[in-house]
Amino acid sequence: MTRLGLTDTTLRDAHQSLLATRLRLEDMLPAVEMLDAVGFHSLEVWGGATFDTCLRFLGEDPWERLRLLRKGFKKSKLQMLLRGQNLVGYKHYPDDIVTEFVRRAAGDGIDIFRIFDGLNDVRNMETAIRAAKDAGAHVQGTVSYTVSPIHDVCSFTRTAKELAELGVDSICVKDMAGIITPYDAELIIRRLKEAVGLPVQLHCHYTSGMGSMAYLKAAEAGVDVVDTAISTLALGTSQPPTESLVAALAGTARDTGLDLALLARIAEFFREVRKKYAEVDVGTTVDVNVIRYQIPGGMYSNFIAQLEQQKALDRLPEVLAELPRLRQEMGYPPLVTPSSQIVGSQAVLNVLAGERFKMVSNETKAYMRGLYGLPPGEVDDAVRRKVIGDEALVTVRPADLLPPGLEEARREAAPLAESAQDVLSYALFPPQAKKFLEERLAARTGIDQRVLAQTAAEVERGKVYPAP
Ligand code: CO
């Protein structure tokens, strides 16, 4: 066997899981030289929720972040997480936007695209896979791991084979909930290695406390790469810590060859950085409830936030009990974006409304119609009727129903967009991108946006300004 490769997730999944995705570029760049020197298989630095958070909360241009990271990383491969037809958003985008997004992301520095779909519906990954291949990138097809009566090593292998047929370069088993047991990991990795014939990577979260054990058994079963985060941003809902795995495998057939002294310096850097984000830090404890409820990193804290907002934190046990029942009725979707949000919000509604499905989110309706793709299992008929009545079901690939959207986005973003990337930001998150682009323009031109708005309001009210 050969060296075990490590993908470092510190700059993406780790802070998405522990610090509400708030890590700023200024707290990444000073570590780039050290991270680049480690010799990781790759570093996941973009995608997932980072894009959205840049625009919505940080006032950062996500594309600029990518380009600056690319400039800093001289020799390492950079990786992103892409939600198939949802890209880095929460709904399906038209094919022309998906293709253009992937092309630009590759152009700005992404070497490896990890592409998944919340329902393991391979049709929702096709367009992104094709675009990434056309861009000459490494395409990693993803099998979202979950525990349910209809998911087993055979169903995961079937999904992986479908992805292989689309020409992906490697397979990722994505345990976003952090619930895979060491022996399940061993079994699945061994089977995939035999049956699919592609490199296999395992992505775990530490939520249940089993992540490092799963990696060890997976390493013995021949997994090619696993995902870890630097110790000071690892554990809890984040990834297993890099340093422990490096030490555990030193001197064995799967020795990672990485330098613990250098990793210690990186850990020290992020220990200090983390203190700046104490306000959003969810901390790092093992949560045994995730094994019972299959809640991915982040979902549990979302529940707490949603219930706190409604001053109903005492209903948490009911929500946690509602979740498995609801999931069965919805055909056992893996709990990953966006299905985790759909199922999670609906579980909260079902509990707080006092009657199940008395209140139904638009997303639940869309899901029941098939607009997110084909649920892995049977959807409960009675529940479906309750949610959508006798509306027609969608059986084609959902994006087949979407007209092209890029031209319209170009037209609408034209006054503010300075690049094709700006147009894409707008196409994905119109209000957030508009606000970001306006503020950027105001900052550049030195015009205070509040003064501008005030002036516009005064002109509207009939106040006349003398011509200059
Ligand atoms: Co993850």
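Residues numbered from 1 in each chain as written. Predicted model: local features only at pLDDT ≥ 70, side-chain atom pairs only at ≥ 80, totals over all residues. Heavy atoms only, no water.

1. Re the pairing of strand S8 (residues 225–228)
Inference 1: Burial along S8 is two-sided: the face carrying Val225 and Asp227 and the face carrying Val226 and Thr228 are both buried.
Inference 2: Direction of pairing for strand S1 (residues 5–8) relative to S8: parallel, over a ladder of four bridges. Among the inter-strand pairings, Leu6 is bridged to a residue of S8, identified as Val226. (Buried < 20%, exposed > 50% of the residue type's maximum accessible area, 1.4 Å probe, protein only. Helix = DSSP H or I, 4+ residues; strand = E, 2+ residues; numbered from the N terminus. Pairing = 2+ DSSP bridges.)

2. Quick look at the layout of surface pockets
Inference 1: As a volume, the second largest pocket reaches approximately 330 Å³.
Inference 2: Along its surface, the second largest pocket is lined by 15 residues, and Leu119, Asn120, Thr159, Glu162 and Pro376 are the ones closest to its centre.
Inference 3: Considering only residue class, the lining of the second largest pocket consists of seven nonpolar, four polar and four charged. (1 Å grid on protein atoms, 1.4 Å probe; cavity = no way out; pocket = protein on both sides within 12 Å on 5 of 7 lines; lining within 4 Å. Points joined across faces, edges and corners; volume = space filled by probe spheres on them. Nonpolar A, V, L, I, M, F, W, Y, C, P; charged D, E, K, R; others polar.)

3. As for empty space enclosed by the protein
Inference 1: Throughout the structure, instances matching the rule amount to one cavity of 30 Å³ or more.
Inference 2: The calculated volume of the largest cavity comes to roughly 60 Å³.
Inference 3: Along the walls of the largest cavity sit Asn86, His92, Asp117, Gly118, Leu119, Pro338, Ser339, Ile342, Tyr367 and Tyr372, which together make up its complete lining.
Inference 4: Broken down by class, the residue content of the lining of the largest cavity amounts to five nonpolar, four polar and one charged.

4. Some details on the coordination of the cobalt ion
Where a metal carries four tetrahedral donors, each ideal angle is 109.5 degrees; where it carries six octahedral donors, the ideal angles are 90 or 180 degrees.
Inference 1: On the protein side, the cobalt ion has Asp13 (OD), His203 (NE2) and His205 (NE2) as donor atoms, found 2.0 to 2.1 Å from it.
Inference 2: All donors to the cobalt ion come from one chain, and their sequence spacing reads D-x189-H-x1-H. Linking Asp13 in helix H1 (residues 10–18) with His205 in the loop between strand S7 (200–204) and helix H9 (211–220), this pair joins segments that are 192 residues apart in sequence. His205 carries the same exposure label as Asp13, and that label is buried. (Donors = N, O, S within 2.8 Å, 3.2 Å for Na, K, Ca; no water.)

5. Some thoughts on the sheet that holds strand S6 (residues 170–175)
Whether parallel or antiparallel, the strands of a sheet pair through hydrogen bonds between backbone atoms.
Inference 1: The strand order around the closed barrel formed by eight strands is S1-S2-S3-S4-S5-S6-S7-S8, and the pairing between neighbours is parallel. Here the strands of the sheet are splayed against their neighbours by 30° on average, with no regard to which way each runs.
Inference 2: Where strand S2 (residues 42–47) lies against strand S3 (residues 78–82), four bridges are found, and the strand directions are parallel. In the strand pairing of S3, Gly47 is matched with Leu81.
Inference 3: The strands touched by helix H10 (residues 242–249) are S1 and S8; relative to S1, the strand with the most contacts, the crossing angle is about 170°. (Axes fitted to C-alpha atoms, helices over the stretch in contact; angles between N-to-C directions. Contact = heavy atoms within 4.5 Å.)

6. Details of helix H15 (residues 339–352)
Inference 1: Along its 14 residues, H15 runs 20 Å from first to last C-alpha, staying within 8% of the 20 Å computed at 1.5 Å per residue.
Inference 2: Of all 14 residues in H15, ten are buried; the element is thus mostly enclosed.
Inference 3: Where H15 is buried, its residues touch helix H13 (299–309), helix H14 (316–329) and helix H16 (362–369).
Inference 4: Positive backbone phi, approximately 85°, marks Gly354, located one or two places after H15. (Expected span 1.5 Å × (residues − 1).)

7. Thoughts on the packing of H13 against H15
Inference 1: At their nearest, the axes of H13 and H15 sit 11 Å apart, and the two run at 35° to each other. H15 is crossed by H13, and the crossing has right-handed handedness. Between H13 and H15, the contacting residues are Met299, Phe303, Gln306 and Leu307 on the first element and Ser340, Gly344, Ser345, Val348 and Leu352 on the second.
Inference 2: Of the residues contributing to the contact of H13 with H15, the split by class is five nonpolar, four polar and no charged. (Left-handed = near helix turned anticlockwise from the far one by under 90°.)

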